[in-house]
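Overview (structure and organization)
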Number of protein chains: 4
Amino acid sequence: MIVVMEPNATEAQVEKVVKYLEKHGFRININHGDILKVIAAIGDKRILNPQIIAGFDGVSTVKSIQEPYKLASRTAHPEDTIIKFSNGVKIGGKEKPVLMVGPCSVEKDINSLLEIAAAAKEMGCEFIRGGAFKPRTSPYDFQGLEEKGLEFLAEARRQTGLLVVTEVMDTMDIPLVNQYADILQVGARNMQNFKLLKALGHIKKPVMLKRGPAASIKEFLLAAEHIMYNGNHNVILCERGIKGYDSDFTRNTLDIAAVPILRKYSHLPVIVDPSHGTGRRYLIEPMGKAALIAGAHGLMYEIHNDPDNASSDGAQSLDLPTFKEVTKKFNKLIGRIDYDNKNS
Amino acid sequence: MIVVMEPNATEAQVEKVVKYLEKHGFRININHGDILKVIAAIGDKRILNPQIIAGFDGVSTVKSIQEPYKLASRTAHPEDTIIKFSNGVKIGGKEKPVLMVGPCSVEKDINSLLEIAAAAKEMGCEFIRGGAFKPRTSPYDFQGLEEKGLEFLAEARRQTGLLVVTEVMDTMDIPLVNQYADILQVGARNMQNFKLLKALGHIKKPVMLKRGPAASIKEFLLAAEHIMYNGNHNVILCERGIKGYDSDFTRNTLDIAAVPILRKYSHLPVIVDPSHGTGRRYLIEPMGKAALIAGAHGLMYEIHNDPDNASSDGAQSLDLPTFKEVTKKFNKLIGRIDYDNKNS
Amino acid sequence: MIVVMEPNATEAQVEKVVKYLEKHGFRININHGDILKVIAAIGDKRILNPQIIAGFDGVSTVKSIQEPYKLASRTAHPEDTIIKFSNGVKIGGKEKPVLMVGPCSVEKDINSLLEIAAAAKEMGCEFIRGGAFKPRTSPYDFQGLEEKGLEFLAEARRQTGLLVVTEVMDTMDIPLVNQYADILQVGARNMQNFKLLKALGHIKKPVMLKRGPAASIKEFLLAAEHIMYNGNHNVILCERGIKGYDSDFTRNTLDIAAVPILRKYSHLPVIVDPSHGTGRRYLIEPMGKAALIAGAHGLMYEIHNDPDNASSDGAQSLDLPTFKEVTKKFNKLIGRIDYDNKNS
Amino acid sequence: MIVVMEPNATEAQVEKVVKYLEKHGFRININHGDILKVIAAIGDKRILNPQIIAGFDGVSTVKSIQEPYKLASRTAHPEDTIIKFSNGVKIGGKEKPVLMVGPCSVEKDINSLLEIAAAAKEMGCEFIRGGAFKPRTSPYDFQGLEEKGLEFLAEARRQTGLLVVTEVMDTMDIPLVNQYADILQVGARNMQNFKLLKALGHIKKPVMLKRGPAASIKEFLLAAEHIMYNGNHNVILCERGIKGYDSDFTRNTLDIAAVPILRKYSHLPVIVDPSHGTGRRYLIEPMGKAALIAGAHGLMYEIHNDPDNASSDGAQSLDLPTFKEVTKKFNKLIGRIDYDNKNS
């Protein structure tokens, strides 16, 4: 921690800061400049919040010099985390990127979901996604089928072998969702629901954490740290767009640079969601490709057999024919499956 | 709902939109312009998400013309909501603004809290605030005393008569917090924790909802709508700063204009938190005054008997002598109590 | 400057940084921590851009510890700057806040401007404002009357004694605008038009610099520094709203906290513009009051004798009767003139 | 234009709006709903600013339904604009993406620039870039070599045949820069310097317009419209990152989705700058690839023969060996030149 004192700070004020830091186990080095005094304190920031020092009289600014997360950081864990599923699918490191597709919400008609799942399977996707519990900005929007939706997803898995990724919104629902899901997803607006993160630290299944709509990379990694600190190291990060300056052309600004940044500073796998990340169907293909070439470990995108009648997010879902066309291009780009040959 | 078709939309595409809207009970009026066709559809937006229409072929844009919230809106409820407590305190409308003060976190030493509460009482404040459950960006920061903290707050209430406002972070904790609190607070990062909002709709005590750090006014009112829609109309809105362009001088940008805006478009009371809203102690006074003069129904700010040793947020807390000085000015500005006379 | 090396930085890498800093006249103090090496370098940041050091191998981060502006900073100039005009009007320090009012654009009919100016004079305002050169987002919007508009403003000054504040958009127009204006205004979108700032450093008249719509406080003060560095120390800062999360209820988020922040860290006067800062007529009164009570040295707001037919920004202008009512309240709040007595 | 009246708007208020719109040549269609009255007005928005209507009594909101730009829009100009240079290089449409490389600033030692240009030529790049006029946030940073820098660029062109792209900051400098440059660049902070845009509309050479750090897509296209409206249709758009939520890991958030959006809604060529767009050297490769695969017509990035001693932006420049490695990958991705064969 670097503590910069005000130009006119008194010796007593400097002394007080030093004493306080020493009491908390920091080693101190004071730099007596002509203009400013700078106190460099080496110790465990994690046991002392710099904001406390910032409040001392005579202190101008306090700057952390250590990453505030530890378990999520590549510094402490240089090898990539690779998450393995019972059917052999792997996410992370140098493994082939995965594809997670499905409708925004699981809907009343199970046949719709099964048709979507069959198409996903045909195209070589590994995961079926769909919301059974739906966070909705308005209470007047469709709120999800809850347990019925989870059962539908399990049936789709039984029929196709696809793994299930679905959202959990509340600590109370964890036991239920945990029964059905292969990956439990935390939605963007719950990224800092710390009770939920903590509780997910106590299960064993992988958790996919979506980045909050205005979260910094640091806040994102600290949210992952909450889960890991409580015991579950199987965390997957998901970039899904942040609030930008545009509402005419997109819902969000998809931050592709987050992929190489997260891969450099963390060992956790990184998935990108170009559906929520843009809110526009026609952007799924170019932004999915951009994410993959920038190093994403997988994509999650929305597809629907009848987007015009989807319960939610139709405008950002691909219909099945377009889904196949776009996915063929993704598969080709990343050499996932030799799709064209298989079909010829 | 206004649906603007693409310049080259076909008659069949227009037809399809019209049929779909009519099926959902909308009355239709088509405007055949030279360049653009515009479909005006009057009906209940709340039963049809405009995003669905936006996904139809040939549709350029869809614009809602109705407020998406209903219960929180002043249109539907022209009189101010005034929340009344058993001891006669009232929040909202033309009632005297209230003051809610206390430490960021309730800490191990109950005497600290009692000293703070006594000072708050002396200055005419109505509420003691303090976190027993603490949402923390990092898992390494102090997480709160939980039930013990609630007991301390109740003891402070017993000794001073101050009402208690404290945060609830999770649906599971509602019964416990509900036992102790006079107002249950929802933190900014939980503003869109919809399960929590829904569950708080089923209690009777007032809920204070803090605005999310990147929430629009509309999203804020829709979050309040979730609580109200589920049965609890005693909602207090709290502006606490949004993410801005500056991190050198403040933690957040306090959006004072939200006060007159919320008062114009909603009937719910509006509180302002200049501590979190700025992150700097010296800004509490000018920003608290600004909020009051702009029409806030009250202020919430952090005070501490020993800010340098506070478990959290020392830099944005006032020590007790400064608290008294600043609060004397607030009291004078709003004529809350005739403090100077009382003490002379 | 604090240079934090990567955990695995080599001795040679540390050495290279140290040599480079010493070559540029910095005094060095190395802190050899267990985890990180930290180099504290005291010297003139202004002759060495920290970004250069940030690019060296083995460097993790570089943090400035000195304010990058000097002339605009209160550290170097503890007394308030007070700007004086020939007619005795003063802006800054503890002087009475000033009021700058007028139409967004000067329009074709001079009588309109003269009627507005007369009302402004009657209410005790000190300045008439109005754009002769208009920055417009669209080329299809009204671009201003140019010199004709300046002549109209001069005529308004001749008739009322009000001082003239008007925008200059380009270096080439400085001589012309300088002939007519008492204060030359730099618009928000030109805040970092460095050639314009530099050229305005070579005139003697006061310059009012509006904050850019996404500018940090530091960028704002550095823009002022450009003018001052080139010779003109008569700079007035104007907060006029930043881009926020809301476009339904406001055009901008007025950052009232900028007022006490700028007054603490700079000695320059600070004006607030609640018209552009909100984009809504009904917010001028509450936000103008909030700005004044937070310490603004004056307000600038838009008024018009016929807002419905204004060439620009009618929605954020007050008509004359409302202007008088609102201004009476501002006058009362700040004790500017004993308006009620004068009229009774 | 869609005008939505307040629920309690009077007939007289509706009448007034209608009359006003009719006077300005709009055709009117009123929709008398149960709750709201909606006036659809078809006509030329460009002759009537919707903000004027928004200020009328009884008006709730006004929504434009027409794109506010015309010349920059694909609607009015369905074919891609392709910009051709005398040496046969083309930018836009389905032409091979171009590469524009060079130092941030042209520096005192011409040999440095010539060495960079030779490397650029060797790798098949089409443009040498470098700032002779430098917009700098601080007046204490290097401000550029001005005409001397332009001469150096011309010499680099003479020796290598590379075309020159360089920034113009002020209307007064246009004649000078126009003598030397093949493309005149407008910097991000001048994106809304309307006088500059207008003046660049009167030259014939292509103008590359960088997106402002907080500009929406609409504002960006309207800025291009200013240049085109004044006569110069050779405009190239450049995405260079917007202000985001992160300052620890990047300088800006590069908005890759802007590429397919701009290509869909405009016919103008789109270039991406991953150096300024991220501020980090290691992100140039992944983000450059992402931009290309998303459809960019070219990349602009910073390279330097000695980044540690660059006058500006060293941290985001590639040294020459890394430049060659990265560019080989770009060339391969887009099949620009058969580089590996040529050299073997």
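**Comments concerning the overall build of chain A**
Along its length, chain A carries 11 helices and 14 strands. By the burial criterion, 65% of the 344 residues in chain A qualify as buried. Contacts spanning at least 24 positions in sequence make up 68% of the contacts within chain A whose residues lie at least 6 apart. Counting 44 positive and 41 negative side-chain charges, chain A places the centres of these two groups 4 Å from one another.

**As for the interface of chain A and chain B**
Between chain A and chain B, the contact holds 50 residues from the first and 50 residues from the second. Carbon and sulfur atoms supply 50% of the area that chain A and chain B bury against each other, a total of about 4,600 Å² over both sides. Three residues, Y140(A), K195(A) and D308(A), lead the burial of chain A against chain B; their summed loss comes to 16% of the area buried on that side. In this structure, the connection of chain A to chain B is made through 6 salt bridges. The closest approach of N and O atoms between K195(B) and D173(A), which form a salt bridge, is 3.0 Å. The interface formed by chain A and chain B holds 14 residue pairs in polar contact (both at pLDDT 80 or more) in total.

**Side note on the sheet that holds strand β9 (residues 163–167) of chain B**
All names here are of chain B. Strand order in the closed barrel made by the 8 strands is β7-β8-β9-β10-β11-β12-β13-β14, with parallel pairing throughout. Taken pair by pair, the neighbouring strands of this sheet meet at an average axis angle of 25°, ignoring direction. Pairing geometry for strand β10 (residues 183–186) and strand β11 (residues 207–210), over 3 bridges, is parallel. Counted as the bridge partner of V186 is L209 from β11. Lying over the sheet, helix α7 (residues 217–229) contacts β11 and β12 (235–239), oriented at roughly 155° with respect to β12. Contacting β7 (98–102) and β14 (298–302), helix α10 (residues 320–334) runs over the sheet at an angle of about 175° to β14.

**Section: the relation of the copies chain A and chain B**
Least-squares fitting of chain A to chain B yields an RMSD of 0.0 Å, with the superposition described by an axial translation of 0.0 Å and a rotation of 180°. Given the turn and translation reported, the copies of this chain are related as if by a two-fold rotation axis. When C-alpha distances to the rotation axis are compared across chain A, the minimum falls at A214(A), with a value of 3.1 Å. A symmetric contact is evident, with 100% of the interface residues of chain A recurring at the interface of chain B.

**Here we look at the relation of the copies chain B and chain C**
Here chain B sits on chain C after a turn of 180° about the axis and a move of 0.0 Å along it, with an RMSD of 0.0 Å. A share of 100% of the interface residues of chain B reappears at the interface of chain C, consistent with the copies meeting face to face through the same patch.

**Details of the interface of chain B and chain C**
Taken together, the 32 residues of chain B in the interface contact 32 residues of chain C. The largest contributions to the chain B side of the interface with chain C come from Y245(B), F249(B) and I293(B), which together make up 26% of the buried area. Connecting chain B to chain C are 2 salt bridges. Joining chain B to chain C, the criterion identifies 4 residue pairs in polar contact (both at pLDDT 80 or more). For the side of chain B that touches chain C, the elements supplying multiple residues, two or more each, are α7, α8 (258–265) and α9 (284–293) of chain B. With 5 residues, α9(B) is the single largest residue contributor to the side of chain B that touches chain C. Of the residues in the side of chain B that touches chain C, the class split is 22 nonpolar, 3 polar and 7 charged.

**Things to note about the packing of α9(B) against helix α9 (residues 284–293) of chain C**
The interhelical angle for the contact between α9(B) and α9(C), taken along N-to-C directions, is 155°, at an axis separation of 8 Å. Comparing their axes, α9(C) and α9(B) come out roughly antiparallel. The hand of the α9(B)/α9(C) crossing is right-handed. Here α9(B) contributes K289(B), A290(B) and I293(B) to the contact with α9(C), which in turn contributes K289(C), A290(C) and I293(C). Classifying every residue of the contact of α9(B) with α9(C) gives 4 nonpolar, no polar and 2 charged.

**Considerations on the sheet that holds strand β14 (residues 298–302) of chain D**
Residues and elements named next belong to chain D. The strand order β7-β8-β9-β10-β11-β12-β13-β14 describes a closed barrel built from 8 strands, whose pairing is parallel. If you compare each strand with its neighbour and ignore which way they point, the axes differ by 25° on average. As paired strands, strand β8 (residues 127–129) and strand β9 (residues 163–167) are joined by 3 bridges and run parallel to one another. Along β9, the bridge assignment pairs F127 with L163. Relative to strand β12 (residues 235–239), helix α7 (residues 217–229) is tilted by about 155°, and along the sheet it contacts β11 (207–210) and β12. Its contacts with the sheet put helix α8 (residues 258–265) on β12 and β13 (270–272), and the angle it makes with β13 is roughly 170°.

**Here we look at the pairing of β9(B)**
Within a regular beta strand, the side chains point alternately toward one face of the sheet and then the other, so they alternate between its two faces. Residues and elements named next belong to chain B. Judged by how many residues are buried, β9 sits mostly within the fold: 5 of 5 residues are covered. Where burial is concerned, the two faces of β9 agree: the one with L163, V165 and E167 and the one with V164 and T166 are both buried. For the segment spanning strand β8 (residues 127–129), helix α4 (residues 147–160) and β9, crossover handedness is right-handed. With 3 bridges joining them, β9 and β10 adopt parallel strand pairing. Within β10, the position partnered with V165 by the bridge is I183.

**As for the nonpolar core**
Formed by 318 residues in total, the largest nonpolar core has its most connected members in F323(B) and F323(C). Non-local contacts of F323(C), meaning those with residues more than four positions away in its chain, are made with V101(C), A119(C), A120(C), M123(C), C125(C), Y301(C), I303(C) and L318(C).

**Brief notes about the environment of I284(A)**
Residues and elements named next belong to chain A. Position of I284 relative to the elements: it lies in helix α9 (residues 284–293). Under the relative-accessibility criterion, I284 is labelled buried at 0%. With 174 residues separating them along the chain, I284 and I110 place their C-alpha atoms 25 Å apart. With residues near it in sequence (within four places) discarded, I284 still touches P274, S275, Y301, E302, Q316, L318 and F330.

**Re α9(C)**
Burial analysis of α9(C) places 10 of its 10 residues in the buried class, the great majority of the element. Looking at α9(C), one finds that the buried residues are I284(C), E285(C), P286(C), M287(C), G288(C), K289(C), A290(C), A291(C), L292(C) and I293(C). Of the surrounding elements, those touching the buried residues of α9(C) are α8, α9 and α10 of chain B together with β13 (270–272), β14 (298–302) and α10 (320–334) of chain C. Phi turns positive, to about 115°, at G295(C), one or two residues after α9(C).

**A few points about the pattern of salt bridges**
One pass over the full model with this rule turns up 64 salt bridges over all chains. The shortest N-O distance in the salt bridge between D273(B) and K210(B) comes to 2.7 Å. Linking D273(B) in the loop between β13 (270–272) and α9 with K210(B) in strand β11, this pair joins segments that are 63 residues apart in sequence. Residue D273(B) is classed as buried on the basis of its relative accessible area of 0%. For the salt bridge of E15(D) with K19(D), the shortest nitrogen-to-oxygen distance reads 3.7 Å. Of the two residues, E15(D) and K19(D) are both situated in helix α1 (residues 11–23); the distance of 4 residues between them amounts to about one turn of the helix. Within the structure, one salt-bridge network assembled from shared partners comprises E146(A), D173(A) and K195(B).

Conventions we followed
Residues numbered from 1 in each chain as written. Chains lettered and ligands numbered in written order. Predicted model: local features only at pLDDT ≥ 70, side-chain atom pairs only at ≥ 80, totals over all residues. Heavy atoms only, no water. Helix = DSSP H or I, 4+ residues; strand = E, 2+ residues; numbered from the N terminus. Buried < 20%, exposed > 50% of the residue type's maximum accessible area, 1.4 Å probe, protein only. Contact = heavy atoms within 4.5 Å. Lys, Arg positive; Asp, Glu negative; His and termini not counted. Charge placed at Lys NZ, Arg CZ, Asp CG, Glu CD. Buried area = accessible area lost by both parts, 1.4 Å probe. Salt bridge = Lys/Arg side-chain N within 4 Å of Asp/Glu carboxyl O. Polar contact = N/O pair within 3.5 Å; in protein donor to acceptor, adjacent residues only side chain to side chain. Pairing = 2+ DSSP bridges. Axes fitted to C-alpha atoms, helices over the stretch in contact; angles between N-to-C directions. Least-squares fit on C-alpha atoms with pLDDT ≥ 70 in both. Nonpolar A, V, L, I, M, F, W, Y, C, P; charged D, E, K, R; others polar. Parallel < 35°, antiparallel > 145°, perpendicular 65-115°, else oblique. Left-handed = near helix turned anticlockwise from the far one by under 90°. Right-handed = clockwise from strand over helix to strand, strands pointing away. Core = buried A, V, L, I, M, F, W, Y, C linked by side-chain atoms within 4.5 Å.

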